[in-house]
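Here is how the chains run, residue by residue.
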Amino acid sequence: LMEIADSVETEFYSRKELIVGVSEKLCAVELGTLAKAGQILTPGSAFHLDFIVTNPKWRKKEQAVSLTYTLVLVLDRDRFFDIIRPYPEVRKAVSKAAIRFAMM
């Protein structure tokens, strides 16, 4: 868990800025407000949960936009899988979740 926390990076967005380049990253709103797919995301909200799906064609491609000055925490997909590699039970749970996301 600490290794994941240490791997999280921050990205800052101004008002009305499109959130781009994060489709292969897990994102969480730290400060501010975003709009994505008709939903308002506030601090504590996570998005791009389907970043674990292997085939990019099966990931949702909904655009997000910052409604206020927003700080987003991001975790890179490759880094996430590097971290969970030594934990077979976690890899199995992530694989099952990826299947569920792909079928949604």
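Our subject is the structure listed above.
Residues numbered from 1 in each chain as written. Predicted model: local features only at pLDDT ≥ 70, side-chain atom pairs only at ≥ 80, totals over all residues. Heavy atoms only, no water.

Chemist: If you had to explain the side chain of S45 to someone new, which residues and values would you point to?
Modeler: Counting through the fold element by element, S45 comes out in the loop between β5 (39-41) and β6 (46-47). Beyond its immediate stretch of four places on either side in the chain, S45 contacts C27, A28 and V29. (Helix = DSSP H or I, 4+ residues; strand = E, 2+ residues; numbered from the N terminus. Contact = heavy atoms within 4.5 Å.)

Chemist: Account for helix α2 (residues 77-84), with residues named and values stated.
Modeler: Three or more residues of α2 are buried, namely R77, F80, I83 and I84. Each buried residue of α2 sits inside an arc of 125 degrees when the element is viewed along its axis, so together they form one side. Buried positions along α2 lie against α1 (2-7), β3 (25-31), β8 (70-76) and α3 (88-103). Capping of α2 at its N-terminal end is provided by D76; its side-chain oxygen lies 3.1 Å from the backbone amide nitrogen of D78. (Buried < 20%, exposed > 50% of the residue type's maximum accessible area, 1.4 Å probe, protein only. Arc of directions from axis to C-beta. Polar contact = N/O pair within 3.5 Å; in protein donor to acceptor, adjacent residues only side chain to side chain.)

Chemist: Let's hear about the packing of α2 against α3: which residues, and what values?
Modeler: Following both chains from N to C, one finds α2 and α3 inclined at 140 degrees, their axes separated by 9 Å at the closest point. Taken together, the axes of α2 and α3 lie oblique to each other. Facing F80, F81 and I84 of α2, the residues of α3 in contact are V90, R91 and V94. Here the contact of α2 with α3 is composed, by residue class, of five nonpolar, no polar and one charged. (Axes fitted to C-alpha atoms, helices over the stretch in contact; angles between N-to-C directions. Parallel < 35°, antiparallel > 145°, perpendicular 65-115°, else oblique. Nonpolar A, V, L, I, M, F, W, Y, C, P; charged D, E, K, R; others polar.)

Chemist: Give me the environment of F80: which residues, what numbers.
Modeler: Looking at where F80 falls in the secondary structure, it is placed in helix α2. Residue class for F80 comes out buried when judged on its relative accessible area of 11%. Taking the C-alpha atoms as reference, F80 lies 8.8 Å from I52; in sequence the two are 28 residues apart.

Chemist: Would you mind going over the nonpolar core in detail, with residue names and values included?
Modeler: Core analysis: the biggest nonpolar cluster contains eleven residues, these being Y13, I19, V22, C27, V29, L34, L41, F47, A64, V72 and V74. Of all elements in the fold, only β3 and β8 reach the threshold of two or more residues within this core. (Core = buried A, V, L, I, M, F, W, Y, C linked by side-chain atoms within 4.5 Å.)

Chemist: Account for the pattern of salt bridges, with residues named and values stated.
Modeler: For the structure shown, the criterion picks out five salt bridges. In this structure, E3 and R79 form a salt bridge, with 3.0 Å as the shortest nitrogen-oxygen distance. Of this pair, E3 sits in helix α1 while R79 sits in helix α2, and the two are 76 residues apart along the sequence. Given the relative accessible area of 39%, E3 is considered partly exposed. R79 sits in the partly exposed class, given a relative accessible area of 32%. Between K25 and E11 there is a salt bridge; the shortest N-O distance is 3.7 Å. Here K25, found in strand β3, pairs with E11, found in strand β1 (residues 9-13); they are 14 residues apart in sequence, far enough to count as distant. In this structure K25 comes out as buried when scored by relative accessible area, which is 17%. (Salt bridge = Lys/Arg side-chain N within 4 Å of Asp/Glu carboxyl O.)

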